[in-house]
Every structure is written in C-alpha cells, then in structure tokens.
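Inside the fold
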Amino acid sequence: MNRRGRPVNLVVVSNRVARGKPNEPMTGGLAAALLPVVEHSGAIWVGSSGRVRDGHQKEPFAEIEALGSGAIATLDLPAAHYGGYYEGFANSALWPALHSRSDLIRVSREDYVSYREVNAFMARALMRFRKPRTAFWVQDYHFLALGAELRDLGVDDPIGFFLHTPWPVAAVMQGVPNHRELITAMLAYDLLGFQTEEDRQNFLGYVGGELGLAIDDGVVLSQYGRTRFEVFPIGIDAEKFAQYAAKSASHPDVSRLRRSLNGERLAIGVDRLDYSKGLVNRISAFDRLWTEQPQFLRSISLLQIANPSRGAIEAYGNLQNEVARLVTDVNGRHGEVDWTPIRYLNKGFSQAVLAGLYRTAQVGVVTPLHDGMNLVAKEYVAAQNPADPGVLVLSKFAGAANELDTALLVNPHDVDAMARAIAIAAAMPLTERKMRWDAMMKKLRGHTIQQWSADFVAELEKCRVEKAAVAPLAAQPPQALRWLKSAISGVRLI
C-alpha cells in the first residue's frame, strides 16, 4: 500500500531467491532478509532459477510459485553470459572492490560486456510483470545497471535500488574497469539505499568528485533527473527468530550439540566462506586465546560453520584451503583425545536449526573485516535465552556495529585484542550479559525487516513524485549502453 492507501504492484529483483522453507538452508543473508518482505507484502520476487539456457533454445517463460501473500518468479539466465556476469564482473571485480580489496580484482572486458548483457536481459524479463502502478525494487551489486536498462525500455515507474554490501571510498571504485559508465547508469534509479551513513557519503564523494555532479541535501541531478540517496539499515524479524530458537531445543542437531559439550562453553561463528568475513584472523584469535590463557583449554570451544561459495574463483579456493589448514593446525596443537577445540563444518543449516545453535552458544563471534550489515549478528542476539543470554563479539567494521553498540566491539585485524574480548565474553557475569542483551534487543525490535521495507517503499514513492515535478536535464531520455546485441537480439519474454 502507498501513502494514499492504494495498492502498489511491487516487483523485487535479486540475483537469487529463497523459497521460505524454515527447514532448508538459506543461500545467504540477502535471501533470508527479503523472504518476510515478499511473504507479507504481496510482492513478486524475480530472480535467477540457478540454471542457464542455451541461446538457441526457445525463450522460456518465468516459473512462478506462491510465497505467502506474494510470489516468486525465476528464470534461466543466458549461458553465454552467466559466467562473465556472475563469477566474472560481479564477484571478481565488484565484490572485492566493494569490500575494499582492490588487490583481488580479476576481470576482463568480456566480463563487463556479459554483466551488462545480463542486466539488459533481466530488464526485458521484468516487463512482463509491469502493471499499472508498478514499483521496482532492485537488490544488490549484481544489478547496478538494471535501472538504466529499464529506463531504456521506456519504464517511467518508480525504480529503487538497495545495496546490501558496503560502498568504498572513491579511490577504490576507480580501480573497477568501466566504473564511470556503471555508476552513471546507477543514477537512473529514483532512490539509492545504503546500509550506513559512511556508505552513503562514500558514494556521494564519488558522484561529486569523479562525475562532477552537484549534490543538494542528498539529491543529485543528472541526465536521468533526480536521484535521492538515503540510509536504510536492514533489520530482521527478531520475534520470529526468537520463536525458532525456543522451539529448536528438541531438534536432533541442537540436542546432540548440547550433549556433546559436557558443561563447557561454546562460541559460534556462522559465515559464508568469504575473504571479507575475517575467518583466518578469527581462528588465529582462538589459537592465541588457548596459547596465552591455557585456563580456557577445555573450557570454551568454537563451532565454525563456513558454507563454501564461488568455488570457481581462485581467491575463494585459496581461502578454503587456507582456513582448512589453519583449523587442522590449531586442533593439532591444542586438541586432546577427548576434546576438539574447533568444530569446522562446511555446510549450511536452516534458519530454524541455526537459531537453536545460536542459543546453545554462550559467545557469538561475528568478526568480518568489512561487511554491509551482517544479519548473523542480529540473529545471534535475537536467538538468545532472555534469562541467560550469550555475549556478542562484533567487528566494528560491520554495519551492525552502528546499532548493536553494547556488543563487545573489536578490531578484526587485532588478533590479540580479539582473543582478550573472547575471554571477557566467556567470563562475563549474568547481570552484565542481560544488560547488554536487553539494549541490543530493544534496537532489533525497533528496526525490523518489515519496517525497513515499508520505509524504503514509502521513500521510493515520495522520490518519484518529486522527480516528476522536475524536468530532466536532457530533452530526450538517455539510452543505456548496449553490448553484443547479436547474442540475445530478438528475444522476447512476453
């Protein structure tokens, strides 16, 4: 619903979608976050099916299935461009740059071509979901140029974009090939949303410095008209996660874990196996803890869940090998015949099971080197037993640190300081634990995932009204850049 109470046809777009089955593993934080939005808003969620299609085959229609009051629509992406789009430009250029790892950028001109082609392909696919009073809400770095492609097709509906990752300083983005073309295309969106004020300011710094555009009260005028830049820290459904945690005690995985602890304390880390998550430093901090403070041997262990992803990318394969070797070394150095310091699992768990594992752990360790928000931090807090809550050790470089400021905030590059924080967390008295947890839960209840989505959609409609009142700078709407037309020319989705 919009401000006047009239229904809006909301189309949410992301690279991947989730089916909403609490007993199945989630594909990532973005999917888990969008799930309740679609279930309760009646939105259509469009994304990749996870399959690719041969360009010589007849173009398939999207597969559509119900999800709560909304629906999921999935489509096969073009095989000729998927690798260059996903493993290439999105995850070997944009992802390292967005996480301030310019040294890991590995990309070709062909990768950028494929990225733009998949954005154009998705834009054509979305036209079948366009109805009167449609608003498009595009998610994350896979589709930075999608708004411009939609404008190129004549779409004048509200189009918003939300970035789930950080946005780095201008000097880092300048290391991304074709950065000017790409970021200029992003100005086709009516509203650009960021996790933190720092991310917003970094983006505006690029727009003002590199593109030379004037910024007035968070609004930029470009060839597309007005684009507004706002901060929308993403939340979770804290009450639902607390319910999962309370009900999960009887789940076999959770009950077996409890029995195996024999009264010792447990720390837990849950991450994708990604270099931004700081896994090497985290494991090194536990190694340092057991070395420097041997009283914690057999007193606290670590359960590290690290689900592999993007294995075809060299940096990820190297990281997986490095973490596995480090875990083996630490366990060999500190383990006993009847005690394993680090339990290391390379598989995903459902939200229902994760909630129970979080509640079992007295310490939650969320120490990314750089993260847009990190919903694991919020999920850990929401899953705790109010009468005996655990302690969150949280990187100051995660967006969640702006809200969860009563966690034990750490510098993930300082291994010694992390080891000390883990020791403090493990020994923290109940009174202090409850005080810190109460303050964090108050923040989580006040900034839910439902409120996040409602705020964004309301601001998107407001921005579009403002934009309609101002004549664009150019007499004709700009045409988005087009690449390799012959690869997918003549393809129609409707």
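Residues numbered from 1 in each chain as written. Predicted model: local features only at pLDDT ≥ 70, side-chain atom pairs only at ≥ 80, totals over all residues. Heavy atoms only, no water.

In the nomenclature of an unreviewed UniProt entry, the protein chain is known as Trehalose-6-phosphate synthase of Bradyrhizobium niftali. For the protein chain, the Pathway (unreviewed entry) comment in UniProt is given as "Glycan biosynthesis; trehalose biosynthesis." (UniProt positions renumbered as here; feature names shortened; annotations may be inferred.)

Model confidence for the protein chain is summarised by a mean pLDDT of 90, while 89% of its residues fall at 70 or above. When the criterion is pLDDT under 50, residues 1–6 qualifies, and its contacts beyond four places in sequence or with other chains add up to nine contacts. Taken together, the stretch residues 471–494 has pLDDT below 50 and engages in 48 contacts with residues farther than four places along the chain or on a different chain. (pLDDT = per-residue confidence, 0-100. Contact = heavy atoms within 4.5 Å.)

Attention now moves to the pairing of strand S4 (residues 70–78). Here S4 lies mainly inside the structure; nine of its nine residues are buried. As defined by bridge partners, strand S2 (residues 44–53) adjoins S4 across seven bridges and the pair is classed as parallel. Within S4, the position partnered with Ser-48 by the bridge is Leu-75. Across five bridges, the pairing between strand S3 (residues 63–67) and S4 is antiparallel. Residue pairing for S4: Ile-64 is matched across the bridge by Ala-73. Taken together, S3 and the strand that follows it, S4, pair antiparallel across an intervening segment of two residues, in which Gly-68 is found at a positive phi of about 60°. (Buried < 20%, exposed > 50% of the residue type's maximum accessible area, 1.4 Å probe, protein only. Helix = DSSP H or I, 4+ residues; strand = E, 2+ residues; numbered from the N terminus. Pairing = 2+ DSSP bridges.)

Following the criterion strictly, the structure yields 25 salt bridges and no others. Asp-190 is the salt-bridge partner of Arg-151, the closest N and O atoms lying 2.8 Å from each other. Taken together, the residues Arg-151 in helix H4 (residues 146–152) and Asp-190 in the loop between helix H6 (179–186) and strand S7 (191–194) connect sequence positions 39 residues apart. When sorted by exposure, Arg-151 lands in the same class as Asp-190, which is buried. (Salt bridge = Lys/Arg side-chain N within 4 Å of Asp/Glu carboxyl O.)

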